[in-house]
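Chains, contacts and geometry: an overview
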Amino acid sequence: MINRRFDRRTFLKGSGAGLIGLSTGILGAVPARAEGLTIGILYVGPRDDFGWNQAHAVAAAALKEVPGVTVVEEENVPETIAVAQSIESMISLDGAKLIFATSFGYYNPFVLDMAKKFPDVQFRHAAPLWTDKDPTNAGSYFGQLDQAHYVDGIAAGLSTKSNKLGFVAAKPIGTVLRNINSFALGVKKVNPAATVQVIFTGEWSMPVREAEAANALIDAGCDVLTCHVDGPKVVIETAEGRGVKSCGHNASQAPLAPKGFITGAEYKWETIYKDYAAKLGKGEALPNFIGGGFDLDFVQNTPYGAGATPEAIAAADAARADVKAGKPIFVGPIKKQDGSVLVAEGASLDNYAPELNATDYLIEGVVGSIT
Amino acid sequence: MADTTVPAPSFALGETIDRIRRSSEYVVIPLLALVVSAALFSLFLLALGKDPVTFFSLVWKGGFGTGFSWQNTLVRSSPLILAALCVAIPARLGMVVIGGEGALVLGGFAAAVVAIPMVSWSPTFFTLTVMALVSMLVGGLWIGFVGYLRHYRGINETISSLLLSYIAISILNFFVEGALRDPSDPNKPSTMPIGPENMIGPIPGTSVHWGLVAGTIAAVAMWVLMNRTTFGFAARITGGNVRAAMAQGLPVGKLILVSTALAGAFAGLAGFYEVAAIHGKANASLIAGYGFTGILVSFLARHNPIAIVPVAIFLGGIEAAGGLVQRRLELPDATVLVLQGLMFVVLLVSETLYGRFKIFKAKGA
Amino acid sequence: MEDVGLSTVLLAMLAGAIRVSTPFLFVALGECLTEKSGRINLGLEGTLVFGAMAAYAISFETGSPWLGVLVAGFAGMAFGAMHGAICRLKGVNDIAIGIAMMLFGTGLAFFFGKAYIQPVAPRLPSVELGFWTDNPHLAKALEVNPLFLIGIALAVAMWWAFKNTRIGLVVRTTGDSAPAALALGINVDLVRFLATSAGGFLAGVGGAFLSLYYPGSWTEGLSSGQGLMAVALVIFARWNPLACFGAALLFGAAGALGPALQSVGITRGYHFFNAAPYAMTLVIMILSISPKRSLKGAPGELSITK
């Protein structure tokens, strides 16, 4: 991958706008006018799942506001050949010229294949996977949610009495592991004695096992829970029912836990889709790669709930301001679970360091195995 | 069997007409059922304030109305043919195997695993042959084990095949997220790729992969096996009455083992095409539910291997059309699920009509 | 493994058995009744999902979770009645109809359930059976839902009724041999229709437990095949209602194993721990069934055992 850090800093100096396109020199050309443009959006699950897909669908509604733009949407598209077929169907039957693919597993091979097959159609995929080796009519957009999980961790680390925190995770993929690590770094920063215990359910959505995992973590002594699963409702409600505190994920779960909710990590897709809509309205090209965190208003924390103490709120607010200002989350010394050094003493990793996109480890202080 | 006797020339015409008469029953009744289910579903649509005419014309357009739609339909039906054979063959012996998903997943996984060390040295043709054979072997052993448990341990094949498919999925997940994971793909746990040179291209001029052809050939072969050989004859006797078959000295155990192994081999082969023609590696995308849809296809085809092909295409068409319907009418995907459920119930109910209409009866019969 | 870990895991399995078993128990009992009458209804997965949706929706709209349970039961009964009425037709395969109805029920549940994914509905209360202990985890594990207790009572009642009552005899005779039942003047179609309807009612109630108690939420991914698995458990339990209860408990306990082991730090291979219920059921079947008595207790008319 290209060194985004360099791009970002030089770019930010020159422009207050915030949105960053990777300057590859060959920005893909989107049709000059929005007039008559048809946009196709694919979702991996139902559009009203109170989770990942709903967050996209609600935010993507901004695209429908652009005059002359038609949006066609298809939900429950599994990560199989169905992706390619649905995209091609949107192109050949609906005349779509811009495709948004919102699930991780859509990218390789399906989005890449379709981008090669239809060079005059633009593709944007919701994960930080596009590189300059990929077709120039493809691209990525993504929010770095781990920044918000880090702030969650700060608040959570100050909320535990048992010094054990629980994390219910779906699958050990890069994004999930990075969120766990950042949460743990937040916890350790304010409470070095605390550990974060992870349970993987193995599925993006399996409510009964998520509830079992939440109960098991509480039985093991965890008194603050958070999660990264498609629908966090069950985990948050189980925590509340057992009288422990919780941090949310993906959307606001504050109403589900009136006593113990601390805060949560949420994407703010609307920033991205609104910017896309504005660019389309003006007939500008869409950038190939945009990604950001608090700095670009791509992620946010849920407003504090009753579980957040004044001390936790103050520390979390300060941490968020720091991250927004570019202070790194990964400050050495950090070791991986196997004892190898990830970040040496005195060194740090930028919050947008490309190697973090390929996280395939958990850090020391996290209990639980990837396999 | 009566069909094989050569009739005297003077009766040939009458016999042909009778044959058409009898087989037209298998066209008219399903069509009638489709019309009835469409009418019922139209009421549902009207209650939602949607126009049924628009709906069904979109279903036609999305599934069969354009050249692209046909390709879309055929692509989606390819894995269903092979998965349905996994149900249909044991069904002839009176067994209800519902765990083809497990054989498909493990067959695809095994195909990818065996290909990875071959990538650097083996010619494409050899790699693909080995992959296909290994997928069939693994799938065959997996469902063959179900047959073994049934005959030698007395364990119901429905429950054992279902349990085994959950176990197969956990095996796949364990390895692709663990020891066999490609480190360069952190966001979609997968095995190493089999390499673009080892991928099966589409049928020239289309986007349909060769799994469709393989499935059709397999279906025809299985029809011949079940209807034109002593093996098939013995299998059908066993399916009719196991005790009678045993009393006649038929090798029931062998029949069960061979049939279940064949069934699993086809499901495994479906997994091979998923890996070699679509994904280029094994990952959780293999768990797409084809094995379960195959159960429905086989039952709708009344376990007739040849009928499986059009039924699978029909199902593929509905799925292909589902996307267009969602997009144009802004209906949730669940609408298509309701349509499918209703359509299949009515189609299955219509089976009671067979043999009830005089017009379809052969005069001489 | 240290002692603390072992007791944690065992406690978690006990708690898991109590928490997770109820939907399995209800669907299995319903299917047991249906199969005893000589039909198999594979569509109970769809019934369960629809029941879960209906219960949640009614509880949200009326504020009464118990009314939700009741409506879920009657909705399930309607699906069961549809299956029962269709399968009396000549030439119609009950297994195939069940699979089609699984799609139909699931589709209707997803369609009408859209509006209820986000709201929070009143849940079913629990009964504290752990009042005598000072161990908070054990007390929590013994917090049970009344439906669990009703399910146990129902299993015992069904077991007793099959043996000792006239209705039980009628159902068993119908399932074992339709000609014999006819000779006794039993209306075979009616008995099967009623048995399938009642089975659907129980499956609907099982769904209500999922959405209104544990995990206590309505989403489209709520059932991970519990309905289908419960049908298989009936065969595992050899058509004995008491054994259905045992199978449901065992399955629930094994399901708790994966998360529980991870919580005490045994984390490698969690995919296999999560598959434990399935593997364990298979192993028990292999070890316990001999070819000769495998079909003992199986209704003779059942298409799956013929």
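Residues numbered from 1 in each chain as written. Chains lettered and ligands numbered in written order. Predicted model: local features only at pLDDT ≥ 70, side-chain atom pairs only at ≥ 80, totals over all residues. Heavy atoms only, no water.

**Points about unusual backbone geometry**
Cis geometry marks the peptide bond from G332 of chain A to P333 of chain A, where omega comes out at 0°. As for its position among the elements, P333 of chain A is in the loop between β13 (330-331) and β14 (334-335). Between Y214 of chain C and the following residue, P215 of chain C, the backbone shows a cis peptide bond with an omega angle of 0°. Phi is positive for H303 of chain B, which is not a glycine, with a value near 60°. Its place among the elements puts H303 of chain B in the loop between α11 (290-300) and α12 (305-329). (Helix = DSSP H or I, 4+ residues; strand = E, 2+ residues; numbered from the N terminus.)

**A closer look at the interface of chain A and chain C**
The partner chain C presents 37 residues to the 37 residues of chain A that form the contact. Each partner contributes to the roughly 3,000 Å² buried at the junction of chain A and chain C, and carbon and sulfur atoms together form 53% of this total. The interface formed by chain A and chain C contains 4 salt bridges. Between K114 of chain C and D48 of chain A there is a salt bridge whose closest N-O contact spans 3.3 Å. (Contact = heavy atoms within 4.5 Å. Buried area = accessible area lost by both parts, 1.4 Å probe. Salt bridge = Lys/Arg side-chain N within 4 Å of Asp/Glu carboxyl O.)

**Concerning the confidence of the model for chain B**
Residue and element names in this part refer to chain B. For chain B, mean pLDDT is 91; residues scoring 70 or higher make up 95% of the total. pLDDT under 50 marks residues 1-8. Its contacts with residues more than four places away, or in other chains, come to 6 contacts. The complex prediction reports pTM at 0.91, with the ipTM value standing at 0.91. (pLDDT = per-residue confidence, 0-100.)

**Some thoughts on the side chain of N137 of chain A**
Residue and element names in this part refer to chain A. Along the chain, N137 falls in the loop between β4 (122-125) and β5 (140-143). Within the structure, the side chain of N137 is placed 2.9 Å from the backbone oxygen of V121, a separation counted as a polar contact. Setting aside residues up to four positions removed in sequence, N137 forms contacts with A115, F118, P119, V121, Q122, F123 and R124. (Polar contact = N/O pair within 3.5 Å; in protein donor to acceptor, adjacent residues only side chain to side chain.)

**Some words on the nonpolar core**
In this structure, F123 of chain A, F272 of chain B together with W218 of chain C are the most contacted members of the largest nonpolar core, which totals 244 residues. Counting residues in each nonpolar core, the second largest holds 79 residues, with I41, A57, Y273 and I370 of chain A among its members. (Core = buried A, V, L, I, M, F, W, Y, C linked by side-chain atoms within 4.5 Å. Buried < 20%, exposed > 50% of the residue type's maximum accessible area, 1.4 Å probe, protein only.)

**Quick word on the environment of A265 of chain A**
All names here are of chain A. Structurally, A265 is set in strand β10 (residues 261-267). A relative accessible area of 0% places A265 in the buried class. Taking the C-alpha atoms as reference, A265 lies 26 Å from E79; in sequence the two are 186 residues apart. Apart from the residues within four sequence positions on either side, A265 is in contact with L145, A148, H149, D152, G248, H249, N250, Q300, N301 and T302.

**Focus on the packing of helix α7 (residues 166-176) of chain C against helix α9 (residues 188-212) of chain C**
All names here are of chain C. At a minimum axis distance of 10 Å, the contact between α7 and α9 shows a crossing angle of 110°. On the basis of their axis angle, the class for α7 and α9 is roughly perpendicular. Each of V170, V171 and T174 in α7 lies in contact with α9, whose residues at this interface are V188, V191 and R192. When its residues are assigned to classes, the contact of α7 with α9 shows 4 nonpolar, 1 polar and 1 charged. (Axes fitted to C-alpha atoms, helices over the stretch in contact; angles between N-to-C directions. Parallel < 35°, antiparallel > 145°, perpendicular 65-115°, else oblique. Nonpolar A, V, L, I, M, F, W, Y, C, P; charged D, E, K, R; others polar.)

**Brief notes about the packing of aromatic side chains**
The geometry of an aromatic ring pair is captured by the separation of the ring centres together with the interplanar angle, meaning the angle of the planes. Applying the stated criterion to the full structure yields 42 aromatic pairs over all chains. Measuring from ring centre to ring centre gives 5.1 Å for F174 of chain B and F175 of chain B, while their planes differ by 80°; the resulting arrangement is edge-to-face. We classify F174 of chain B as buried; its relative accessible area is 17%. Between K336 of chain A and the ring centre of Y361 of chain A, over which it is positioned, the NZ or CZ distance is 4.5 Å. Stacked on the ring of Y354 of chain B, the Lys or Arg R302 of chain B has its end atom at 4.5 Å from the ring centre. (Phe/Tyr/Trp six-rings, centres within 6.5 Å; stacked < 30°, edge-to-face > 60°. Lys NZ or Arg CZ within 6 Å of the ring centre and 35° of its normal.)

**As for the domain arrangement of chain A**
Residues and elements named next belong to chain A. Looking at the assigned domains, one finds that chain A contains domain 1 (4-144 + 268-292) and domain 2 (146-265 + 303-367). Between the C-alpha centres of domain 1 and domain 2 the distance comes to 29 Å. Contacts between the two partners involve 14 residues from domain 1, matched on the other side by 15 residues from domain 2. Both faces considered, domain 1 and domain 2 share a buried interface measuring about 1,300 Å² in area, 56% of it formed by carbon and sulfur atoms. There are 0 salt bridges connecting domain 1 and domain 2. In this structure, the connection of domain 1 to domain 2 is made through 3 residue pairs in polar contact (both at pLDDT 80 or more). At the level of elements, α1 (4-14), α2 (52-64) and β11 (289-292) are the ones that each hand at least two residues to the side of domain 1 that touches domain 2. Broken down by class, the residue content of the side of domain 1 that touches domain 2 amounts to 6 nonpolar, 4 polar and 4 charged. (Domains from an automatic or database assignment.)

**A look at the pairing of strand β6 (residues 164-169) of chain A**
All names here are of chain A. Taken across its 6 residues, β6 has 5 buried, putting it largely inside the fold. For β6 and strand β7 (residues 195-200), the ladder comprises 6 bridges, and the chain directions are parallel. Following the sheet pairing, F167 is matched in β7 by V198. Relative to strand β8 (residues 224-228), β6 runs parallel, the two sharing 5 bridges. From the neighbouring strand, L165 faces β8, where its bridge partner is V224. (Pairing = 2+ DSSP bridges.)

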